[in-house]
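Residue-level structure breakdown
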Amino acid sequence: MRALLSKAPGGPETLTIDEMPDPVAGAGEVVVAVKACAINYPDVLVIEDKYQFRPQRPFAPGGEISGVVESVGEGVTEFAPGDRVMCNTSMNGLSERVVVREAALYRLPDGRTFEEGASLLLTYGTTIHALIDRGHLKEGDTLLVLGAAGGVGLAAIELGKAFGARVVAAVSSDEKAAAAREAGADETIVYARAPFDKDQSKALAEQFKAAAGKEGYQVIYDPVGGDYAEPALRSIGWEGRYLVVGFPAGIPKLPLNLTLLKSCDVCGVFWGAFAARDPEGNRAHIDHLFRLWADGKIAPRVTEVFPFNRGGDAIAKMAARGAIGKLVVRVAD
Ligand SMILES: NC(=O)c1ccc[n+]([C@@H]2O[C@H](COP(=O)([O-])OP(=O)(O)OC[C@H]3O[C@@H](n4cnc5c(N)ncnc54)[C@H](OP(=O)(O)O)[C@@H]3O)[C@@H](O)[C@H]2O)c1
């Protein structure tokens, strides 16, 4: 089979399509012929050895896929060849075939495309865990979402609305603001591009505060970090929850006196570790997502589909801050 491989640390231009041995399903495992693979920011990081873990090379990036079951290993009872499925793979998604545990598979609902199916689990799975388990978001809360037109950002807008919050979406361009409004944001803020000096940081905090109303935000969802984090934290409400999701703009340092002044919590979010430690809790969240999807409350927004031989371009677009919603690579027809 062919895979888009990282053989040495580097940017997307270092990835090459090469032959790899076909995977074989062991006991409790399934081989999936991959149709589509969605790109996520961890793909930008992992090929440069900047992610939380460093897979052994060669490996293919790509953490969530959809496809068709090709073969099943001993003891597999729930799936059979020909079934349309979707799953998280953490990596190796940009390959023609992947082997996954049966327990990690979900059925792709009838009528949904492979592109949509590849775009649900990681972004919405992260975000439902963040908003419910870490953020305790309630109906009537005001939620601020940074980087709101990105993959997890759009998921946070949709889920925030589905859970009855007022959602303020902050983004870096008018085009991204339009995408955020289309996803249901009640209000949008267009912020400047970092780095910020002290005055710019203060002005951004005022912008966030003005959109919050006098009670501030009960929950802030931050998949951006960098110079955006401190102004956002300054706009949080009394006993608010600040959700630390990711750092494409850099890892920020926060003055802890701000947490005392608002009696607020800064909460780390690590969905992959949560799913491994609490598989039942994670499965309940994913079942909830499938219900919201069926009811039309959420819908993965695939904005661009790349052919397999241009998979690296999809990762490059995300690295350059150019992605709106989900970028998906069509691995096979
Ligand atoms: N904690 C977890 O469990 C978990 C799970 C999944 C993803 N994540 C993390 O969440 C973050 C977002 O992932 P994603 O897949 O949604 O990515 P994405 O679609 O690229 O969204 C990231 C957003 O960050 C903003 N941004 C600000 N500065 C940037 C820069 N220098 N380069 C690129 N983007 C920049 C961009 O929005 P604006 O241009 O509007 O600012 C962009 O839309 C990543 O850090 C990822 O690792 C964490």
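Okay, so let's go over this structure.

Cut-off values and rules
Residues numbered from 1 in each chain as written. Predicted model: local features only at pLDDT ≥ 70, side-chain atom pairs only at ≥ 80, totals over all residues. Heavy atoms only, no water. Axes fitted to C-alpha atoms, helices over the stretch in contact; angles between N-to-C directions. Helix = DSSP H or I, 4+ residues; strand = E, 2+ residues; numbered from the N terminus. Parallel < 35°, antiparallel > 145°, perpendicular 65-115°, else oblique. Left-handed = near helix turned anticlockwise from the far one by under 90°. Contact = heavy atoms within 4.5 Å. Nonpolar A, V, L, I, M, F, W, Y, C, P; charged D, E, K, R; others polar. 1 Å grid on protein atoms, 1.4 Å probe; cavity = no way out; pocket = protein on both sides within 12 Å on 5 of 7 lines; lining within 4 Å. Points joined across faces, edges and corners; volume = space filled by probe spheres on them. Near = heavy atom within 4 Å. Polar contact = N/O pair within 3.5 Å; in protein donor to acceptor, adjacent residues only side chain to side chain. Core = buried A, V, L, I, M, F, W, Y, C linked by side-chain atoms within 4.5 Å. Buried < 20%, exposed > 50% of the residue type's maximum accessible area, 1.4 Å probe, protein only.

1. Side note on the packing of helix α3 (residues 121–134) against helix α4 (residues 151–162)
Taken N-terminus to C-terminus, the directions of α3 and α4 make an angle of 55°; their axes are 9 Å apart at the nearest point. The angle between α3 and α4 places the two elements in the oblique class. The element α3 and its partner α4 pack so that their crossing is right-handed. Seen from α3, the contacting residues are T123, Y124, T127, I128 and L131; seen from α4, they are G151, V152, A155, A156, E158, L159 and G160. Considered class by class, the residues forming the contact of α3 with α4 number 7 nonpolar, 4 polar and 1 charged.

2. A short note on empty space enclosed by the protein
Under the defined criterion, the tally for this structure stands at 1 cavity of 30 Å³ or more. For the largest cavity, the full set of lining residues is S119, T123, Y124, G151, L154, A155, A299, P300, R301, G325 and K326. At the level of secondary structure, the elements contributing two or more residues to the lining of the largest cavity comprise α3 and α4. A per-element tally of the lining of the largest cavity places α4 first, with 3 residues. Taken together, the residues that form the lining of the largest cavity break down as 5 nonpolar, 4 polar and 2 charged.

3. Observations concerning the site of the ligand
For the ligand, the set of nearby residues contains 26 residues, the closest of which are S172, K176, Y191, V269 and R321. For the ligand, an oxygen atom lies 2.6 Å from a polar atom in the side chain of S172. Here an oxygen atom of the ligand sits 2.7 Å away from a polar atom, N or O, in the side chain of K176. Elements represented by at least two residues in the shell around the ligand include exactly α1 (41–46), α3, α4 and α11 (311–319).

4. Regarding the nonpolar core
Judged by nonpolar contacts, the single largest core of 51 residues is most densely connected at L143, I157, L159 and Y221. Discounting chain neighbours no more than four positions away, the residues touching L159 are Y124, T127, I128, L131, L289, L292 and I298. Counting 33 residues, the second largest nonpolar core, distinct from the first, contains V30, V44, I65 and V98.

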